[in-house]
Amino acid sequence: MNLESLYQDIILDHYKHPRGKGLLENPLASAFHVNPTCGDEITVQVGRNEAGGLVIGYEGQGCSISQASASVLVELLQGRSIQESEEVRLAFLELMHSKGSGDPDEEVLGDAVAFAGVAKFPARVKCALLAWMALQDAEIQAGLLKTGEGA
Ligand code: ZN
């Protein structure tokens, strides 16, 4: 199996079996983002657990890339500190802006490395980034992040 088809399998697996999908009972903030070029929709909610870690909920509909990306996001960032989650989010942004020439670090990005191939297709980059932009928005609204960081 080559890398490309392995990556496709990872994305399809997250699409068919989304991790942590569902909304939170008491979110600090919610952000609803749409990707009009593809018709993707995502709502990302954030809260914090007793240890100060990030709690993330989401709902959405759209193409396999947008929805799988949200599932990967939750799998990677659920329970992590704000600082850790920012490191991962910025690494993912960098990968998606690499136009396919990125060399993703699987230790940092986990299953998100599967989107490396997507970075070659500008129209699909928006799909892959949708949930991550919504997360940033929700974190800013919740006062967990300052505006202007990253992106
Ligand atoms: Zn899409």
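In case you missed it, the structure is sitting above this.
Residues numbered from 1 in each chain as written. Predicted model: local features only at pLDDT ≥ 70, side-chain atom pairs only at ≥ 80, totals over all residues. Heavy atoms only, no water.

Here the focus is the nonpolar core. Of all hydrophobic cores here, the largest spans 46 residues; its most connected members are Phe92, Met96 and Phe115. Broken down by element, this core gets its largest block of residues, 10 residues, from helix H5 (residues 122-141). Leave out the neighbours within four places in its chain, and Phe92 touches Ser69, Leu109, Ala112, Phe115, Ala128, Leu129 and Trp132. (Core = buried A, V, L, I, M, F, W, Y, C linked by side-chain atoms within 4.5 Å. Buried < 20%, exposed > 50% of the residue type's maximum accessible area, 1.4 Å probe, protein only. Helix = DSSP H or I, 4+ residues; strand = E, 2+ residues; numbered from the N terminus. Contact = heavy atoms within 4.5 Å.)

Here we take up the side chain of Ser69. With respect to the secondary-structure elements, Ser69 resides in helix H2 (residues 64-77). Within the local environment of Ser69, its side chain forms a polar contact with the side chain of Trp132, the two groups lying 2.8 Å apart. Excluding anything up to four places from it in sequence, Ser69 contacts Phe92, Phe115, Ala128 and Trp132. (Polar contact = N/O pair within 3.5 Å; in protein donor to acceptor, adjacent residues only side chain to side chain.)

Protein coordination of the zinc ion is provided by Cys38 (SG), Asp40 (OD), Asp40 (OD), Cys63 (SG) and Cys127 (SG), with donor distances spanning 2.1 to 2.8 Å. Each donor residue of the zinc ion lies on the same chain, and together they follow the pattern C-x1-D-x22-C-x63-C. Remark: Cys63 occurs in the loop between strand E3 (54-61) and H2 and Cys38 occurs in the loop between strand E1 (29-35) and strand E2 (40-48); sequence separation between them is 25 residues. (Donors = N, O, S within 2.8 Å, 3.2 Å for Na, K, Ca; no water.)

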